[in-house]
Amino acid sequence: MLIELKGVHKTYDNGQPLHVLKGIDLQIEKGEFVSIMGASGSGKSTLLNILGILDNYDEGEYHLAGKLIKNLSERESATYRNRMIGFVFQSFNLIGFKTAVENVELPLFYQGVNRHRRHEAAMAYLEKMGLTDWASHYPNEMSGGQKQRVAIARALITHPEIILADEPTGALDSKTSVEVMELLTRLNREDGVTIIVVTHESGVANCADKIVHIKDGLIERVEDNRLHHASQFGTDTIMK
Amino acid sequence: MRHRFDFDTFREIGDSLFRNKRRTILTGFGIFWGLFMLLFLVGGGKGLKQSLSLTFEGFASNTMVMISSNTSKPYKGMKEGRYWQLNRKDVERLRLLMPELDVVAPMVSNWGLTAEYKGNTTSCAIKGISGNYHKVEAPKLKYGRTIRDADVEQERKVCVIGKRVYNDLFPQGGDPCGTFIQVGSVFFQIIGVDFSSGNISISGSASESVMVPFSVAATLFKRGNNVDIICVTGKPGIKMSSLEPRVRSIMAREHLFDPTDDQAMVVLNTEQVFSIMDNLFRGVNFLIWLVGIGTLLAGAVGVSNIMMVTVRERTIEIGIRRAIGAVPRDILSQIIWESVLLTLTAGSAGIVFSVLILNVVERIVPQAVTFQISFWTAVLAALLLSVLGVLAGLAPAMRAMKVKPVDAMRDE
């Protein structure tokens, strides 16, 4: 079991307490392609933050690759994030004054890998994304799809246990959305990368093998979607 | 976990500075200007002090000059306002009674005279000096020699002329020694040319004087035994101000004026003048450093302030860095090193620019004065800068540390 959540609760306390997660139990195996679906305010982003060790939780337990992730120091959580999790964000979140290859290198920089090896690894991943020619371009010179592929390369470079994608197609048109989702699917099928996609688009969610529906801080149901028939619109394309 | 400062880290910091040029230049300018102002002021103060010191050039710093004047108090039945005069016996008296004195040099002088040589004329003053006067006011001999004791004893009609007199009478230049010039109705043979540019004037500054043997001048101006001025210098280590009361009492006893009558004899003490100068420049220096360091501090606060704003602007970037594995210390050291690198680069530019400007000033100013700051002043400034850089980076770095990786997840 790669990810195991048991009775995870999370309450935000901004003036008045807001109980966001009300006891989440979730298991994800290595190599799975899971999407987490839910309306805004359902708690899916909070769940993603907890899965990504970006945020703490109040109650319950979260095991990631056998390690209990609870009450970690900033340094420990940064190290776990760096080694075990690759992030793909809705708004790409590339650093604007760094070229594509430098952006991809950055996680290895914080691991202390030397410049030469970092560069080689980053170039290898950019090649895999079909972006070799764009390596020395800055993010603002690239299209949304290209930027997201750079971000995926950056997420992959540390060989993480999981890829966490937060609305990865949120800022893309439908054509590039399909491309990005196909890329993620291929990574999952061919390289066995565990992928968790958080989305509110049913078409995107339909790409995954398992769909976790969240509603009001609880898991409503877990849907087996190996046939990819979850969305009536999602069979051929992604509805925008 | 990596916590070392290597070339890679340096490049990472350099990149984030040099790829955000506008931000960097704006931030660095305060430091650049602060350091430039500080060093320029320090250099300027130094040059000013030197140029003022030139005024006292050649003058022994422990000299006392005595001039008789009208009494201001009645004494032993004599009315106030009585005039008395120094005389040659006073010279002997001071030599005998005050062994602390090194030189006792009498002088008679007359000014408003005209010197002439082959049709060239100039106004000048004649100073009759003794053979040891050069120990009071050191000449800068361009040609020849000074007046000696033998010249005084044998009443030779010889003279040493000052720079301006020489330039006016000998516009073509060359060594004038041996030629005769006419001053008033008397011919003097030139034995030396004094190029001293000091501006302290005892009966006229050196450059406008024709210096002749004391005995010759005394006869020429019909002074008899009288002396206009007596200059004395103390032996090494003697403070002239401590001798002044005794000199006064000796003169008062001899010339029958009230020893408490300060106005009866004018005493000019160069030691006092020098100490006033020193105090003045200590004050000026203090002001210079105060203003300079103030400007520099303002620059540092500016850097801190702008970096504070940039950290806010860079929340997403910092959040991304944190999300992909930067520990808080990575962020802290990045911001502090950015600040240090920025202050050092901008500051070095300030140092170079001030050295350049001071060099130009040095070329423009006609006097031979050093405005340039010393190597160690520059080193001190650089050290000060590094400290300022760290301090300026501290507050923004603390704020950057507080950025949570979740902040990167939010939409811009």
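Sequence order as written defines residue numbering, which begins from 1 separately in each chain. Chain A is the first chain written and ligand 1 is the first ligand written, with later ones labelled in order. Local features are withheld for residues below a pLDDT of 70 in this predicted model, meaning they are given only at 70 or higher, and side-chain atom pairs are given and counted only at 80 or more; totals for whole chains, interfaces and linings count all residues. The side-chain figures draw on all heavy atoms in the structure; neither hydrogens nor water molecules are used.

### Observations concerning the nonpolar core
Soluble globular proteins: nonpolar side chains tend toward being buried together. Residue and element names in this part refer to chain B. To keep things clear, this is the line we draw: Definition used in this section: a nonpolar core is a set of buried Ala, Val, Leu, Ile, Met, Phe, Trp, Tyr and Cys residues joined via side-chain atoms within 4.5 Å. Three labels apply to residues, based on accessible area from a 1.4 Å probe with only protein chains included: buried if under 20% of the type maximum, exposed if over 50%, partly exposed otherwise in between. We count a stretch as a helix when DSSP gives it H or I for four or more residues in a row; a strand needs E for two or more, and each element gets its number in order from the N terminus. Contacts: residue pairs with any heavy atoms within 4.5 Å of one another.
Residues Leu94 and Ile161 are the most contacted members of the largest nonpolar core, which totals 64 residues. Among the elements that line this core, the one with the most residues is strand β3 (residues 101-117), at 9 residues. Discounting chain neighbours no more than four positions away, the residues touching Ile161 are Tyr166, Phe170, Ile181, Ile190, Gly192, Val193, Asp194, Ser209 and Val210. The next biggest cluster of nonpolar side chains, apart from the first, holds 43 residues, and it includes Val311, Ile335, Ala392 and Ala397.

### Observations regarding the layout of surface pockets
This is how it is decided: Each cavity reported here is a set of points on a 1 Å grid over the protein atoms alone in which a 1.4 Å probe fits but cannot get out, each pocket an open set with protein on both sides within 12 Å along at least five of seven lines, and each lining residue one with an atom within 4 Å of a point. Grid points are joined across faces, edges and corners, and a volume is the space filled by probe spheres set on the points. Charged means Asp, Glu, Lys or Arg here, nonpolar means Ala, Val, Leu, Ile, Met, Phe, Trp, Tyr, Cys or Pro, and polar covers whatever is left, Gly included.
Roughly 700 Å³ of volume is contained in the largest pocket. As for the largest pocket, its lining consists of 30 residues, and the residues nearest its centre are Tyr12(A), Ser45(A), Asn49(A), Asp55(A) and Val406(B). Looking at which element gives the most residues to the lining of the largest pocket, the answer is helix α1 (residues 44-51) of chain A, with 4 residues. Each residue belonging to the lining of the largest pocket can be placed in one class, and the counts come to 9 nonpolar, 11 polar and 10 charged. Put simply, the second largest pocket is a space of about 360 Å³. Taken together, 18 residues line the second largest pocket, and the ones lying closest to its centre are Leu94(A), Ile95(A), Gly96(A), Ile316(B) and Glu317(B). Examining the composition of the lining of the second largest pocket, we find that 3 residues originate from one element, helix α9 (residues 315-323) of chain B, more than from any other.

### Re the packing of aromatic side chains
Residues and elements named next belong to chain B. The criterion, for reference: Working definition: a ring pair exists when centres of Phe, Tyr or Trp rings (six-membered ring for Trp) sit within 6.5 Å. Plane angles under 30 degrees give stacked, over 60 give edge-to-face, the rest tilted.
Inspection of the entire model under this criterion finds 14 aromatic pairs over all chains. Measuring from centroid to centroid gives 5.6 Å for Phe36 and Phe40, while their planes differ by 20 degrees, and the two rings are stacked. Here the residue Phe36 and the residue Phe40 both occupy positions in helix α2 (residues 21-53), the gap between them amounting to 4 residues, near one helical turn. Classification of Phe36 by relative accessible area gives buried; the value is 7%.

### Considerations on the environment of Gln85(B)
Residues and elements named next belong to chain B. What counts, and what does not: For this analysis, a polar contact is any N or O atom pair within 3.5 Å, provided that within protein one partner can donate a hydrogen and the other can accept it, and provided that sequence-adjacent residues contribute only side-chain to side-chain pairs.
Within the secondary structure, Gln85 is located in the loop between β1 (63-68) and β2 (86-87). Expressed as a C-alpha distance, the spacing of Gln85 and Asp228, which sit 143 residues apart in the sequence, is 7.4 Å. Excluding residues that lie within four positions of it along the chain, Gln85 makes contacts with Ser68, Asp90, Asn226, Asp228 and His255. Side-chain polar atoms of Gln85 contact the side chain of Asn226, separated by 2.5 Å.

### Here we look at the interface of chain B and chain A
Accessible area lost during the coming together of the parts is what is often quoted as the interface size. Here is the rule we go by: Any Lys or Arg side-chain nitrogen located within 4 Å of an Asp or Glu carboxyl oxygen qualifies as a salt bridge.
Facing 34 residues of chain B, the contacting portion of chain A comprises 34 residues. Among the ionic pairs, Lys404(B) bridges to Glu74(A), the shortest N-O distance being 3.8 Å. At the boundary of chain B and chain A, one finds 5 residue pairs in polar contact (both at pLDDT 80 or more). Contributions of two or more residues to the side of chain B that touches chain A are made by α1 (7-18), α9, α10 (328-364) and α12 (406-409) of chain B. Here the residues of the side of chain B that touches chain A are counted per class, giving 12 nonpolar, 6 polar and 16 charged.

### A look at the side chain of Asp261(B)
All names here are of chain B. Here is the rule we go by: Charged-residue counts in this description rest on Lys and Arg as positive and Asp and Glu as negative, His and the chain ends being excluded.
Inspection of the secondary structure puts Asp261 in the loop between α7 (240-255) and β12 (265-269). Here Asp261 occupies a buried position and makes no salt bridge, while the nearest side chain of opposite charge, Lys73, is found at 5.5 Å. In this structure the side chain of Asp261 is engaged in a polar contact, spanning 3.2 Å, whose partner is the backbone nitrogen of Lys73. Apart from residues lying up to four places away in sequence, Asp261 is in contact with Thr71, Ser72, Lys73 and Arg248.

### Some details on empty space enclosed by the protein
All names here are of chain B. Following the criterion strictly, the structure yields 6 cavities of 30 Å³ or more and no others. Each pocket or cavity is described by its volume, and for the largest cavity that value is around 120 Å³. Forming the boundary of the largest cavity are Ile129, Ser130, Gly131, Tyr133, His134, Glu137, Pro139, Thr146, Ile147, Val160, Asp194 and Met211. Considered class by class, the residues forming the lining of the largest cavity number 6 nonpolar, 4 polar and 2 charged.

### Regarding a nonpolar patch on the surface
Residues and elements named next belong to chain B. Applied cut-off: Only residues whose relative accessible area exceeds 30% and that form no salt bridge are eligible for patches; like-charged ones are grouped when within 9 Å, while nonpolar side chains (Val, Leu, Ile, Met, Phe, Trp, Tyr) are grouped when within 5 Å. Each accessible area value is a Shrake-Rupley result obtained with a 1.4 Å probe; residue values ignore everything except the protein chains displayed when judging cover.
Judged by side-chain polarity, Phe286, Leu287, Leu290 and Val291 come together as a nonpolar surface patch covering roughly 410 Å² of accessible area. In this fold, Phe286 is placed in helix α8 (residues 270-313). Accessibility expressed as a relative area gives 55% for Phe286, which makes it exposed.

### A word on the domain arrangement of chain B
Definition in use: Per the annotation, domain bounds derive from an automatic or database assignment of domains.
Partitioning chain B into structural domains gives domain 1 (7-55 + 275-409) and domain 2 (63-270). Look at where the C-alpha atoms of domain 1 of chain B and domain 2 of chain B centre, and you get two points 55 Å apart.

### Examining the pairing of strand β8 (residues 194-199) of chain A
Residue and element names in this part refer to chain A. Heads up, the condition is: Pairing between strands is defined by DSSP: at least two bridges between the two strands are required. Orient the strands so they point away from the viewer; a crossover is then right-handed if the path from the first strand over the helix to the second runs clockwise.
Within β8, 6 of the 6 residues are buried, which leaves it mostly tucked inside the rest of the structure. A two-sided burial pattern is seen for β8, the buried positions comprising Thr194, Ile196 and Val198 on one face and Ile195, Val197 and Thr199 on the other. Of the strand pairs in this sheet, strand β3 (residues 33-37) and β8 are connected by 5 bridges, and their pairing is parallel. Bridging from a neighbouring strand, Ser35 pairs with Val197 of β8. Where strand β7 (residues 162-166) meets β8, 5 bridges bridge the pair, whose relative direction is parallel. Bridge pairing in β8 links Ala165 to Val197. Taking the sense of rotation as the criterion, the β-α-β connection linking β7, helix α6 (residues 174-191) and β8 turns out right-handed.

### Details of the packing of α8(B) against α10(B)
Residues and elements named next belong to chain B. So the rule is basically this: Axis angles are defined between N-to-C directions and span 0 to 180 degrees, where every axis is a line fitted to C-alpha atoms and, for a helix, only to the segment in contact. Note on angle classes: values under 35 degrees are labelled roughly parallel, values over 145 roughly antiparallel, values of 65 to 115 roughly perpendicular, and the remainder oblique. Handedness of a crossing is defined here by the sense of rotation of the near helix relative to the far one, left-handed for an anticlockwise turn of less than a right angle and right-handed for a clockwise turn.
Across the interface, α8 lies against α10 with an axial gap of 12 Å and an inter-helix angle of 140 degrees. Classed by the angle they form, the pair α8 and α10 counts as oblique. The handedness of the crossing between α8 and α10 is right-handed. Packed against α8, whose contacting residues are Val303, Met307 and Val311, the element α10 presents Ile335, Glu338, Ser339, Leu342 and Thr343 at the interface. Per-class residue counts for the contact of α8 with α10 are 5 nonpolar, 2 polar and 1 charged.

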